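This is what each chain is made of:
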Amino acid sequence: MPQYLVGFSPRLSGEVPISTAKNAVLPILAAALLTQEEIILYKTPDLTDVKHMLGILRSCGAEVTEEKGSVRVRAVNVNSPGENALLRTMRASVLIMGPLLARAGECCLSMPGGCAIGQRPIDLHLKGLQKLGAKVAQEGGTVQVSGLLKGANIYLDFPSVGATENLIMAAVLAKGVTRIENAAKEPEIIDLCKMLGLMGARIAGAGTANIMIEGVERLHGAEYTPIPDRIEAGTLACAAALTEGSVLLEGARSDHMRALLFKLTESGVICQEDARGLRLRGKARHPMEARTLSYPGFPTDMQAPLMVVATQTHGLSVFLETIFENRYMHVVELRRLGAHIRVEGQLALIQGGRTLNGTAVTATDLRAAAALMLAGLAAQGQTTVADPAGHLARGYEGLEEKLSALGASARRLDAPANLTKKPGNDGEFMATN
Ligand code: UD1
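Notes on the structure in this doc start here. Since the model is a prediction, treat every value here as computed from it, not as a measurement. (Residues numbered from 1 in each chain as written. Predicted model: local features only at pLDDT ≥ 70, side-chain atom pairs only at ≥ 80, totals over all residues. Heavy atoms only, no water.)

Attention now moves to the nonpolar core. Counting residues in each nonpolar core, the largest one holds 73 residues, and the members touching the most others are L29, L34, I96, M97 and L196. Filtering out sequence-adjacent residues up to four positions away, L29 remains in contact with L41, V50, M53, L54, L57, V71 and V73. Residues I231, V309, A363 and A371 belong to the second largest nonpolar core, which totals 67 residues. (Core = buried A, V, L, I, M, F, W, Y, C linked by side-chain atoms within 4.5 Å. Buried < 20%, exposed > 50% of the residue type's maximum accessible area, 1.4 Å probe, protein only. Contact = heavy atoms within 4.5 Å.)

To continue, consider the sheet that holds strand β4 (residues 63-67). If you walk across this open sheet you meet the four strands as β4-β5-β3-β13, and the pairing is mixed. In this open sheet, the two edge strands, each paired with only one partner strand, are β4 and β13 (222-224). Adjacent strand axes in the sheet meet at a mean angle of 10° when their direction is disregarded. Direction of pairing for strand β3 (residues 38-42) relative to β13: parallel, over a ladder of three bridges. The residue bridging I39 from the neighbouring strand is A222, located in β13. Each of β3, β5 (70-74) and β13 touches helix α1 (residues 22-31); the most contacted strand, β3, lies at about 170° to it. With respect to the sheet, helix α6 (residues 187-198) is in contact with β3 and β13, its orientation differing from that of β13 by roughly 150°. (Pairing = 2+ DSSP bridges. Helix = DSSP H or I, 4+ residues; strand = E, 2+ residues; numbered from the N terminus. Axes fitted to C-alpha atoms, helices over the stretch in contact; angles between N-to-C directions.)

The next point concerns the sheet that holds strand β17 (residues 289-291). Strands sit in the order β17-β18-β20-β19 across an open sheet of four strands; the sheet is mixed. In this open sheet, the two edge strands, each paired with only one partner strand, are β17 and β19 (340-344). The mean inter-strand angle of the sheet, taken between neighbouring strand axes irrespective of direction, is 15°. Here five bridges tie β19 to strand β20 (residues 347-351), and the two strands are oriented antiparallel to one another. Directly across from R342, in β20, lies its bridge partner L349.

Our focus in this paragraph is the site of the ligand. Near the ligand lie 17 residues; those nearest to it are D123, L124, S160, D301 and I323. Measuring from a nitrogen atom of the ligand, one finds a side-chain N or O atom of D123 at 2.6 Å. In isolation the ligand exposes 730 Å². Once the protein is present, 86% of that is buried. Within the residue set of the shell around the ligand, elements represented by two or more residues are α4 (123-131) and α5 (161-171). At three residues, α4 tops the list of elements feeding residues into the shell around the ligand. Looking at the shell around the ligand residue by residue, the classes come out as seven nonpolar, five polar and five charged. (Near = heavy atom within 4 Å. Polar contact = N/O pair within 3.5 Å; in protein donor to acceptor, adjacent residues only side chain to side chain. Areas by Shrake-Rupley, 256 points an atom, 1.4 Å probe, with all protein chains shown as cover. Nonpolar A, V, L, I, M, F, W, Y, C, P; charged D, E, K, R; others polar.)

Okay, structure coming up:
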């Protein structure tokens, strides 16, 4: 079981490179199923979710070659992945549905899994595919989509990131023109469309609420380096703001991080963009208000890390989570460390200025895991973050190593045999090494 040991670490300083974005790499890998030719992705991050997506592509018939830092995928023939446990490990597995349907005329899939941060249905994906002419059959935990696709006008009731991506990938090979209204505008959508453009797709309006896709007969191979991970960069920016650090986030795109940077700046942190990336200096002192929204609003993936920053400001911060209905699971763990946080439905009230004290906590989802790592930096003594489901490594490439490179006391404890249950403390573990 992965477990991390984090010690009190004031004033992080130094430079750290930002990895490529998990949320861009996953849909782009799914897009490889749209062509018989080879696609090459550079700087692919070493993440469990990426490994799982590659496993899923293999089970769809693709040939996958991993080289140092890059991946080649060639999908000469494609098929549905069949019964594959990997499908249930992450929500993004649903992204193969659009490409498989477009390419092979059908796709049969076990319902996707992922972090337990809400219900996360796929109704918008399925409604959109039906608009494109697909037949949808659901039975138990399996969904089957089939049919020849034809361009259509689609309105998304909510600008879902995954549904927008899936529908774009389905529409690129459909006959005629597809218009998606109320589409998601995340930078990762633009990145996917750039890659699809290199593969020969005809897409206009990516990054706006209205995307138009003109179907083409076939796509070809392409090479691409996806964008840097704005959520990883944001998490490290929060680490700097929390510890009164002076940090350069090498390669970070501040234009993708505006909402977070406004919050940190209002709170007293100096955020400067330069040719090498993003520099942060100083401490977040003033309390903040943050409402999670679709891009370009404040990202739900940054809610837990920013909440940790809020615990160390002077005053009452107010957070509102509007994207996922169960995304305050980290609060119980932060309270164990001494944070004063009250949750009322979608609302969280964070009373800043309380001393945090290290103890054993457990990661409940991916961003919660990162938030607990940050909390450990600000907590007196040692914090042990147990991560039984391996959430952190799903989405962060060596977060503990990057924090250490900035001078933090953070490391992964890797010997399961050395973990013993704490007496009288169910579900928690302590390290003996
Ligand atoms: C993506 C990101 C995830 C981020 C989220 C919101 C990837 C791989 N993951 O997830 O990190 O937290 O966007 O920014 O890119 N919904 C429906 N029906 C649907 C689809 C979504 O009701 O068919 C709801 C979801 O339950 C959720 C909200 O819409 O409440 C947002 O979901 P969505 O934008 O689809 O997120 P993901 O693509 O799963």
